[in-house]
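# Analysis of the macromolecular model
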Amino acid sequence: MINARGPFTPVGVSRSDERVGRAVAQALSGFFVMEELHELADRALARATGAEAGTVVHCTSSAITLSVAAAMTGESAERIAALPDTGGLPARVVLPAGHAVDYGHPLVQDIRLAGGTPVLSGSDSACTPEELEKDLAHPGTACLVLVSSRLTRGARAPLTDAVAAAHRRGVPAIIDGAAQDFRVGELLDTGADLVLVSGQKYLGGPTAGLVLGRAGAVRSVRAQGKGIGRAMKASKESIVGTLAALEARQELDVSAWARRQEDKVARFAARAAALPGLTAHPVPDPTGLPFPRAALRVDAARAGLDAPALADALRAGDPQIWLYTDRQDDGELSLELVPLSDEEVEVILSRMAEVLTEGSGVTR
Ligand SMILES: *Cc1c(COP(=O)(O)O)cnc(C)c1O
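Residues numbered from 1 in each chain as written. Predicted model: local features only at pLDDT ≥ 70, side-chain atom pairs only at ≥ 80, totals over all residues. Heavy atoms only, no water.

The name given to the protein chain in an unreviewed UniProt entry is Aminotransferase class V-fold PLP-dependent enzyme, with the source organism recorded as Streptomyces endophyticus. Check the Sequence similarities (unreviewed entry) section of the UniProt entry for the protein chain; it says "Belongs to the SelA family." As its UniProt record puts it under Cofactor (unreviewed entry), the protein chain is described as follows: "pyridoxal 5'-phosphate". (UniProt positions renumbered as here; feature names shortened; annotations may be inferred.)

## Quick word on the sheet that holds strand 12 (residues 332-335)
Consider a sheet: its strands pair through backbone hydrogen bonds, and that pairing is either parallel or antiparallel. One open sheet accounts for three strands, arranged 9-10-12; its pairing is antiparallel. In the strand order of this sheet, the two ends are held by strand 9 (278-284) and strand 12, each with one partner. Pairwise comparison of adjacent strand axes, ignoring direction, gives a mean angle of 30 degrees for this sheet. Across four bridges, the pairing between strand 10 (residues 292-298) and strand 12 is antiparallel. Note on strand 12: the bridge partner recorded for A294 is L335. Strand contacts of helix 11 (residues 254-272): strand 9, strand 10 and strand 12, with the helix running at about 10 degrees to strand 10, the strand carrying the most contacts. Packing against the sheet, helix 13 (residues 307-316) makes contact with strand 9, strand 10 and strand 12, and its axis sits at approximately 40 degrees to strand 12. (Pairing = 2+ DSSP bridges. Helix = DSSP H or I, 4+ residues; strand = E, 2+ residues; numbered from the N terminus. Axes fitted to C-alpha atoms, helices over the stretch in contact; angles between N-to-C directions. Contact = heavy atoms within 4.5 Å.)

## A look at the layout of surface pockets
The space that makes up the largest pocket amounts to roughly 1000 Å³. Lining the largest pocket we find 42 residues, and of these F8, S149, R150, L151 and Y324 sit closest to its centre. Of all the elements in the fold, those that place two or more residues in the lining of the largest pocket are helix 3 (60-73), strand 9, strand 10 and strand 12. A class-by-class count of the residues in the lining of the largest pocket yields 19 nonpolar, 14 polar and nine charged. There are two domains that each give the lining of the largest pocket at least three residues, and those are domain 1 (17-249) and domain 2 (254-360). In this model, the second largest pocket occupies a volume close to 720 Å³. Lining the second largest pocket are 29 residues, and of these E35, H38, R222, A223 and G225 lie nearest its centre. Of all the secondary-structure elements, those providing two or more residues to the lining of the second largest pocket are helix 2 (34-49), strand 2 (53-57) and helix 9 (215-223). Across the lining of the second largest pocket, the residue classes break down as twelve nonpolar, six polar and eleven charged. (1 Å grid on protein atoms, 1.4 Å probe; cavity = no way out; pocket = protein on both sides within 12 Å on 5 of 7 lines; lining within 4 Å. Points joined across faces, edges and corners; volume = space filled by probe spheres on them. Nonpolar A, V, L, I, M, F, W, Y, C, P; charged D, E, K, R; others polar. Domains from an automatic or database assignment.)

## Some remarks on the site of the ligand
The local shell around the ligand consists of C59, T60, S61, Y103, S149, D176, A178, Q200 and K201. Within the contact set of the ligand, an oxygen atom lies 2.8 Å away from a backbone nitrogen or oxygen of S61. Measuring from a nitrogen atom of the ligand, one finds a side-chain N or O atom of D176 at 2.6 Å. Calculation on the ligand without its partners gives an accessible area of 380 Å², and the protein chains cover 91% of this total. More than half of the atoms belonging to the ligand lie within 2 Å of the grid points that define the largest pocket. (Near = heavy atom within 4 Å. Polar contact = N/O pair within 3.5 Å; in protein donor to acceptor, adjacent residues only side chain to side chain. Areas by Shrake-Rupley, 256 points an atom, 1.4 Å probe, with all protein chains shown as cover. Sits in = over half its atoms within 2 Å of the grid points.)

## What about the domain arrangement of the protein chain?
For the protein chain, the assigned domains read domain 1 (17-249) and domain 2 (254-360). Taken residue by residue, the interface counts eight residues in domain 1 and twelve residues in domain 2. With both sides pooled, the region where domain 1 packs onto domain 2 buries about 840 Å², and carbon together with sulfur makes up 63% of that total. A per-residue breakdown of the area domain 1 buries against domain 2 is headed by R150, F182 and Y202, which together make up 66% of the total. Remark: the boundary between domain 1 and domain 2 carries two salt bridges. The salt bridge partner of D285 is R150, with a shortest N-O separation of 2.7 Å. Inspection of the region where domain 1 meets domain 2 yields seven residue pairs in polar contact (both at pLDDT 80 or more). Taken together, the residues that form the side of domain 1 that touches domain 2 break down as three nonpolar, two polar and three charged. (Buried area = accessible area lost by both parts, 1.4 Å probe. Salt bridge = Lys/Arg side-chain N within 4 Å of Asp/Glu carboxyl O.)

Pasting the structure below:
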């Protein structure tokens, strides 16, 4: 299959380069004192991101659960062992209603897994500062959870203001920025206690969740390894692979890389726009990631089929081609080309040409 749909978990998320593959293969055949390996990775994460501290857990979903757990228990061995039974601990976990995203399952379930009680602030269309303040002021509040993702709904409020509101009430703030590893510095600059990013999305490592932020909060996340975190541990190969992916990212000239992505999308859009019934143009990433996507508008009358039918035809081919279909009912499809080779981009263009020339009745 060809994945033009971004770091999408149902299709294998991302591609790792050979360096990551070799690191993972070597790690699998070795023994490690896991405590030492964790400490090495924790230091490397802090160095690479500028965070005070960092640690690796199984994935971002578990990073959310373990961060909520950490906010409730701190480093208390007894409390950690008792979870998800929270006893009398503060267990309310506030999040703006539009941040209660579904990335394949509901994020609020990550909170409930730790024993927390999700409290949705405001409505799907907006969460005002007053609404958030009121919910944060409630006694028994363990933490605030915020999400930086294309999936959030409603008006985008500045994360920095929400973090500051939590801190005024003495409530720690956690940001789920799973696919935002390119923007991790910006997310840390909000003052959040913990920022969570995925090791396997744009970073291109094996499945891992990177937990970054204040030293005390990160220690409390690591301490969950003796509790519910056992079921969410980072494996030796994922830690070693994550380190290799971090090294590769540090060596990457991000602005030169971003220019290559822009060229790739511009060339693709110019050629797609020449197909019958299509207009195409680059669109910036809505969350501010440093690369555009290609947006296609399908004129059903001229193309002979509408956007959903084009997406279906591409997916039904061999190889299958998957693209973003969230706006297909408005006549728009979009493609992310970041991980794709030139050959794969050619395959997409020639499949689109085949489907559209059949649909439009234009002879080639
Ligand atoms: C992908 C994603 C997750 C889950 O990440 P995993 O590493 O697959 O557990 C969580 N939150 C958001 C916003 C995501 O996009």
